[in-house]
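Analysis of the macromolecular model
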Amino acid sequence: MKNVFSRNLSKKQVMSTDGMVIGTIRNIMIDLDTGNVDSLVVRPEQGFDTGGYKVDGERLFIPFEAVRDIKDYIVVDRHLSKE
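Attention in this report is confined to the structure presented alongside it. The shown structure was predicted, so the numbers you read here are calculated from the model rather than taken from an experiment.

Moving on: the nonpolar core. Within the largest apolar cluster, 15 residues are counted, with the highest numbers of intra-cluster contacts made by Val14, Ile22, Ile62, Ile74 and Val76. Looking at this core, the elements with two or more residues in it are strand 2 (21–30), strand 3 (37–44), strand 5 (59–63), strand 6 (67–70) and strand 7 (74–76). In this structure Val76 touches Val14, Met15, Ser16, Thr17, Ile22, Ile62, Ala66, Val67, Arg68 and Ser81, once residues within four positions along its chain are discounted.

The following block contains the structure:
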């Protein structure tokens, strides 16, 4: 995957590889020791079933390793996104 500036991720929609819109990116979590992106912080779409995902209040966390592509949408593998 090519390098992407974090400002280009702001408010992008997150979609699974099977076309389901998961939500909108709100923030990213960084591992301070390595500087690598650890996970995406997403506000889930209303009515989206968050079962199986790591959730804290209204925030859903998707591991960065689940990201498959970043263009108009951030495309993630839904199976890798779950805990």
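On to the sheet that holds strand 7, then. Spatially, seven strands are ordered 4-5-3-2-1-7-6 in an open sheet, and the strand pairing comes out mixed. Strand pairing shows two members of the sheet lacking a second neighbour, strand 4 (54–56) and strand 6, which therefore form its edges. In this sheet, adjacent strand axes meet at a mean angle of 35 degrees when their direction is disregarded. Here strand 1 (residues 13–16) runs beside strand 2; their pairing, made up of three bridges, is antiparallel. Opposite Val14, over in strand 2, you have Gly23 as the bridge partner.

This next bit is on the side chain of Asp77. Summarising the element assignment, Asp77 is placed in the loop between strand 7 and helix 1 (78–81). Summary of buried charges: Asp77 has no salt-bridge partner, and the nearest side chain of opposite charge, Arg68, is 4.3 Å away. Polar side-chain contacts of Asp77 include one of 2.9 Å to the backbone nitrogen of His79. Discounting chain neighbours no more than four positions away, the residues touching Asp77 are Thr17, Ala66 and Arg68.

Pairs may arise between side chains of opposite charge once their charged atoms sit close together. This structure, assessed with the given rule, holds two salt bridges. One salt bridge connects Arg78 with Asp18, and the closest N-O pair in it is separated by 2.5 Å. Placement of the pair is Arg78 in helix 1 and Asp18 in the loop between strand 1 and strand 2, with a sequence separation of 60 residues. Judged by relative accessible area, Asp18 falls into the partly exposed class, the value being 49%.

Calculation notes
- Residues numbered from 1 in each chain as written.
- Predicted model: local features only at pLDDT ≥ 70, side-chain atom pairs only at ≥ 80, totals over all residues.
- Heavy atoms only, no water.
- Core = buried A, V, L, I, M, F, W, Y, C linked by side-chain atoms within 4.5 Å.
- Buried < 20%, exposed > 50% of the residue type's maximum accessible area, 1.4 Å probe, protein only.
- Helix = DSSP H or I, 4+ residues; strand = E, 2+ residues; numbered from the N terminus.
- Contact = heavy atoms within 4.5 Å.
- Pairing = 2+ DSSP bridges.
- Axes fitted to C-alpha atoms, helices over the stretch in contact; angles between N-to-C directions.
- Lys, Arg positive; Asp, Glu negative; His and termini not counted.
- Salt bridge = Lys/Arg side-chain N within 4 Å of Asp/Glu carboxyl O.
- Polar contact = N/O pair within 3.5 Å; in protein donor to acceptor, adjacent residues only side chain to side chain.

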